[in-house]
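An overview of the molecular structure
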Amino acid sequence: GENVEQHPSTLSVQEGDSAVIKCTYSDSASNYFPWYKQELGKGPQLIIDIRSNVGEKKDQRIAVTLNKTAKHFSLHITETQPEDSAVYFCAASRGSYIPTFGRGTSLIVHP
Amino acid sequence: DSGVTQTPKHLITATGQRVTLRCSPRSGDLSVYWYQQSLDQGLQFLIQYYNGEERAKGNILERFSAQQFPDLHSELNLSSLELGDSALYFCASSVTGGSDSPLHFGNGTRLTVT
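Residues numbered from 1 in each chain as written. Chains lettered and ligands numbered in written order. Predicted model: local features only at pLDDT ≥ 70, side-chain atom pairs only at ≥ 80, totals over all residues. Heavy atoms only, no water.

Another point: the sheet that holds strand 7 (residues 64-68) of chain B. Residues and elements named next belong to chain B. Strand order across the open sheet formed by four strands is 1-3-8-7, with antiparallel pairing between neighbours. In the strand order of this sheet, the two ends are held by strand 1 (5-7) and strand 7, each with one partner. Looking at each pair of strands side by side, their axes are set apart by 15° on average, direction ignored. Pairing analysis gives three bridges linking strand 1 to strand 3 (residues 19-24), with the strands arranged antiparallel. For Q6, the partnering residue across the bridge sits in strand 3 and is C23. (Pairing = 2+ DSSP bridges. Helix = DSSP H or I, 4+ residues; strand = E, 2+ residues; numbered from the N terminus. Axes fitted to C-alpha atoms, helices over the stretch in contact; angles between N-to-C directions.)

In this section: the pairing of strand 8 (residues 72-77) of chain A. Residue and element names in this part refer to chain A. Here six bridges tie strand 3 (residues 19-25) to strand 8, and the two strands are oriented antiparallel to one another. If you follow T24 over to strand 8, its bridge partner there is H72. Hairpin connection of strand 7 (residues 62-67) to strand 8: four residues between the antiparallel strands, including K71 at a positive phi of 55°.

Per the counting criterion, the structure on display carries two disulfides over all chains. Disulfide partner of C23 of chain A: C90 of chain A, at an S-S distance of 2.0 Å. Taking the sign of the S-S torsion, -100° for the link of C23 of chain A and C90 of chain A, the bridge is left-handed. A residue pair is termed long-range when its members are at least 10 positions apart, and C23 of chain A in strand 3 and C90 of chain A in strand 9 (residues 86-92) qualify at 67 residues. Taking relative accessible area as the criterion, C23 of chain A reaches 1% and is therefore assigned buried. On the accessibility criterion, C90 of chain A (0% relative accessible area) is buried. Put simply, C23 of chain B and C91 of chain B are joined by a disulfide, and their sulfur atoms are 1.8 Å apart. One quick way to see it: the torsion about the S-S bond of C23 of chain B and C91 of chain B is about -55°, and its sign makes the bridge left-handed. Highlighted residues: C23 of chain B in strand 3 and C91 of chain B in strand 9 (residues 87-94), separated in sequence by 68 residues. Residues C23 of chain B and C91 of chain B agree in their burial class; the two are buried. (Disulfide = S-S within 2.5 Å. Buried < 20%, exposed > 50% of the residue type's maximum accessible area, 1.4 Å probe, protein only.)

Structure representation (structure tokens):
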């Protein structure tokens with residue numbers, strides 16, 4: 001089955017810096033890669049996703065890049081703010097298969 | 001607000017007991033998923049339903065069972081509870097249940113087994 005590795009497990013940055021979280025996947029047939037943000041006391045919420053026919057997608061301060069050859073995708077957050085502090089999960093899926101989630105990255109943005 | 005409602009928010013019970021967690025999916029979503037999140041653990045997939053039928057099963061213990069009703073709400077039943085069952089249980093829903101259909105998560109039920 002699919003295996004998703006996510007790094008780093010913890011990321012600490014200063015407000016205004018950029019943050020990058022990386023994920024690798026094992027199943028070359030995976031074609032959908034969502035990112036979720038989980039704030040304290042809440043469930044994960046979709047923040048951005050990318051499909052395998054696209055190499056990059058941006059939404060204001062966040063962007064996701066996908067390298068199908070290397071089987072990795074990354075979340076980029078620019079101009080980080082304290083409210084970006086949360087746990088971020090990547091996932092990969094294909095066809096009718098259940099999404100496989102990474103183990104999460106705890107992002108801490110220091111004011 | 002994701003539109004997914006989970007009740008109760010907190011549940012404290014003793015070992016050996018049975019509890020039922022409830023989930024109402026987002027309006028229009030036909031598929032429901034259940035996940036378990038333990039301390040410092042990721043999201044462990046338990047089971048998926050689509051329009052009342054079981055579609056996929058993950059690492060769900062035999063002591064756990066679930067169902068999706070005709071009105072599409074779902075219940076997760078946990079029995080013979082053990083201390084290790086203490087965790088956050090999330091329900092998520094999606095429109096089609098397909099791989100490229102984003103999941104919408106509720107805010108979870110925190111289960112504490114004492």
